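# Chain and residue survey
Listed here are the chains, written in short residue letters.
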Amino acid sequence: MRTTELAKGIYWVGAIDWDVRDFHGYSTYKGTTYNAFLVIDEKITLFDTVKRSHIDDLLRHIRAIIDPAKIDYLVVNHVEMDHSGALPEMMEIIKPEKLICSPMGQKAIVGHFHREDWPYEIVKSGDEISMGKRTIQFLETRMLHWPDSMFSFIKEDGILISSDAFGQHYATSERFDDEVPLSEVMNESAKYYANILYPYSPLIKKLLKTVAEMNLNIKMIAPDHGVIWRSHIDTIIKAYDDWSQNKSAKKALVIYDTMWHSTEKMAKAVAVGLEESGVSTSMVNLKVHHRSDVMTQVLGAKAVILGSSTLNNGLLPRMAGFLMYMRGLKPTNKFGASFGSYGWSGEAVNLMNTALLEMKIDLIEEGLRLKYVPDNTSLEECRKMGTRIGQAVLSSCEENE
Ligand code: FEO
């Protein structure tokens, strides 16, 4: 049995889920891992469990090191079921002296498993618990991304067990960031941020400041998903800092769906105008791209330009679904505009504009509605709109440089 030792006596004992492809609407093409960590000390401590379906992997990994019944403390950093699904069975097997969690964690555990009798030890930010030679320092990270979320810092080894933060849905037999291509890990980290943490950017900005002020000697960041950061800690912290401040590149996205290719023609003309202005441009056909991949692109783009034909007085269903998803993730600091072809009623552009305004995206054009199939004059209007938006993107990005 291969076990991974992060530092002397500290092991990864989690599970690899090679098969998962959907995480409540987020496409996980590379699967994921459910990380759990075991510390062998005077008080043997397990940090988090795994999704219930993977309890056998967790137990096998623990048993390769010790008998699970010898575990004294079980720390629950996050109660979402991908980390706590195995908790009831693990509580039966381990019968720990302490089940350590935050105040919100206890509420969530009781809400999920209806066990008020478990030996809860409630910890708050700044509290410490000794494992013997090592000390755990706790930091509540409420709403990152659940109310119960918490970090555990093993002070003597400088290991920050960071719950979902800094994670990636990335199944791999390697456990560390320097054992896999950095570009892949960063792409998966960006996708994770864009699809899970994006709405909480103001809290992340504050958390990064708090962690910096705590002056922790962080040697490793061990998230609950994906690889452990030991060689590129500065890279991932800098990326989180940029994402939490909604920093955008000189980039525009033309996100569209089309019925009989008229809106697609408009999309291409808008993209030509954007490219001519010198802005990096991506065409994003919602028939082809999964919403969660589109959000990864939205994270780094300054302009989001939406196109949809009108269908039954509304939007094409893929655009309607995408906007519902995007609204929940609360992207900010972006320019927006809309366009679309229609036959007789033509509500789509107004509906997209309304959605952009509701998201507090800066609507910089009234939008273009064109009847039936666009002719060359109409396409020229689209191109010009693209150029105007491109110029606005360039001016805005240059002001912020
Ligand atoms: Fe990985 Fe929020 O659970």
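Residues numbered from 1 in each chain as written. Predicted model: local features only at pLDDT ≥ 70, side-chain atom pairs only at ≥ 80, totals over all residues. Heavy atoms only, no water.

## Some points on the sheet that holds strand β9 (residues 73-75)
This is how it is decided: Here the rule is simple: two strands pair whenever DSSP picks up at least two bridges between them. Working definition: helices are DSSP H or I runs of at least four residues, strands are E runs of at least two. Numbering for both runs from the N terminus. Axes, fitted as lines to C-alpha atoms, cover a helix only where it is in contact. Angles between the N-to-C directions of the axes lie from 0 to 180 degrees. When checking whether two residues touch, look at their non-hydrogen atoms; a contact exists if any pair is within 4.5 Å.
Pairing within the open sheet is mixed, and its 7 strands lie in the order β1-β2-β7-β8-β9-β10-β11. Each end of this open sheet is capped by a strand with a single partner; those strands are β1 (4-7) and β11 (120-122). Strand-to-strand, the axes of this sheet are offset by a mean angle of 25°, without reference to chain direction. The sheet contact formed by β1 and strand β2 (residues 10-12) spans 3 bridges and is antiparallel. Each bridged residue has a counterpart across the sheet, and for E5 the counterpart in β2 is Y11. On top of the sheet, helix α3 (residues 87-94) reaches β8 (45-47), β9 and β10 (98-101); it is set at about 170° to β9, its chief contact.

## Looking at the nonpolar core
Quick note on the threshold: The term nonpolar core refers to a set of buried residues drawn from Ala, Val, Leu, Ile, Met, Phe, Trp, Tyr and Cys, joined through side-chain atoms within 4.5 Å. Categorising residues by exposure relies on relative accessible area from a 1.4 Å probe, with only protein chains included: less than 20% of the type maximum marks a residue as buried, more than 50% marks it as exposed, and the intermediate range marks it as partly exposed. As annotated, the domain borders come from an automatic or database domain assignment.
Grouped together as the largest cluster of nonpolar side chains are 91 residues, with contacts concentrated most on L46, M90, I109, I255, V298 and F322. Ranked by residue count, the leading element in this core is helix α5 (residues 182-197), at 8 residues. Viewed by domain, this core spans two of them, domain 1 (4-244) and domain 2 (252-392), each represented by three or more residues. Apart from the residues within four sequence positions on either side, F322 is in contact with I255, L286, R291, V294, M295 and V298. Membership of the second largest hydrophobic core comes to 24 residues, among which are W12, I100, I129 and M220.

## A word on the side chain of T172
Operational definition: Two N or O atoms count as a polar contact when they lie within 3.5 Å, although within protein this holds only if one can serve as hydrogen donor and the other as acceptor, and sequence-adjacent residues are included solely when both atoms are side-chain atoms.
Relative to the elements of secondary structure, T172 occurs in the loop between β15 (159-161) and α5. Take T172: its relative accessible area is 5%, and that puts it in the buried class. Within the local environment of T172, its side chain forms a polar contact with the side chain of E174, the two groups lying 2.6 Å apart. Discounting residues that sit within four places of it in the chain, T172 has contacts with I16, W18, T33, V180 and V227.

## Remarks on the packing of aromatic side chains
For clarity, the threshold we go by: The rule is short: rings of Phe, Tyr and Trp, with Trp giving its six-membered ring, pair when the centres are within 6.5 Å, and they are stacked under 30 degrees, edge-to-face over 60, tilted in between.
Tallying each qualifying case throughout the model produces 7 aromatic pairs. Ring geometry for F166 versus Y240: centroids 4.5 Å apart, planes at 40°, classification tilted. With F166 in the loop between β15 and α5 and Y240 in helix α7 (residues 233-244), this pair connects stretches of sequence that are 74 residues apart. On the accessibility criterion, Y240 (1% relative accessible area) is buried. Where Y193 meets Y198, the ring centres are 6.2 Å apart and the plane angle is 55°; that geometry is what we call tilted.

## Concerning the packing of helix α8 (residues 262-277) against helix α12 (residues 376-399)
Applied cut-off: Reported orientations rely on four angle classes, namely roughly parallel under 35 degrees, roughly antiparallel over 145, roughly perpendicular from 65 to 115, and oblique for the rest. Put simply, a crossing is left-handed when the front helix is turned counterclockwise from the back one by less than a right angle, and right-handed when it is turned clockwise.
Running from N to C, α8 and α12 cross one another at 40°; their axes reach a closest spacing of 6 Å. Taken together, α8 and α12 sit at an angle that is classed as oblique. Handedness of the α8/α12 crossing: right-handed. The residues of α12 that touch α8, namely those facing K265, M266, A269, V270, V272, G273, L274, E276 and S277, are L379, C382, R383, M385, G386, T387, I389, G390, Q391 and L394.

## Considering the domain arrangement of the chain
Just so we agree on the cut-off: Joining two parts hides part of their accessible area as seen by a 1.4 Å probe, and the buried area is that hidden amount summed over both. Any carboxyl oxygen of Asp or Glu within 4 Å of a side-chain nitrogen of Lys or Arg constitutes a salt bridge here.
Per the domain assignment, the segments of the chain are domain 1 (4-244) and domain 2 (252-392). A straight line from the C-alpha centre of domain 1 to that of domain 2 covers 38 Å. Tallying the contact residues gives 14 residues for domain 1 and 15 residues for domain 2. Taken together, the two surfaces of domain 1 and domain 2 that pack against each other cover about 1,100 Å², and 56% of this comes from carbon and sulfur. Interface area lost by domain 1 to domain 2 is led by N195, Y198 and P199, which between them contribute 48%. For the interface between domain 1 and domain 2, the tally reads 1 salt bridge. Taking the shortest distance from any N to any O, the salt bridge between D293 and K191 comes out at 2.7 Å.

## What to know about the side chain of D48
Filter applied, for reference: For the charge count, each Lys or Arg is scored as positive and each Asp or Glu as negative, with His and the chain ends excluded.
With respect to the secondary-structure elements, D48 resides in the loop between β8 and α1 (55-63). R175 is the oppositely charged side chain nearest to the buried, salt-bridge-free D48, at an N-O distance of 14 Å.

## Let's talk about the layout of surface pockets
For the record, the criterion: Here a cavity denotes a set of grid points, spaced 1 Å apart and computed over the protein atoms alone, in which a 1.4 Å probe fits but from which it cannot get out, and a pocket denotes an open set meeting protein on both sides within 12 Å along at least five of seven lines; residues with an atom within 4 Å of a point are reported as lining. Grid points are joined across faces, edges and corners, and a volume is the space filled by probe spheres set on the points. Under the convention adopted here, Pro, Cys and the residues Ala, Val, Leu, Ile, Met, Phe, Trp and Tyr are nonpolar, Asp, Glu, Lys and Arg are charged, and Gly plus all remaining residues are polar.
If you add up the space inside the largest pocket, you get close to 300 Å³. Residue composition of the lining of the largest pocket, grouped by class: 7 nonpolar, 10 polar and no charged. Looking at the second largest pocket, its volume works out to about 200 Å³. Together, Q245, N246, K247, S248, A249, K250, K302, N333, S396, C397, N400 and E401 line the second largest pocket. The set of elements that each furnish at least two residues to the lining of the second largest pocket consists of β17 (249-257) and α12. Per-class residue counts for the lining of the second largest pocket are 2 nonpolar, 6 polar and 4 charged.

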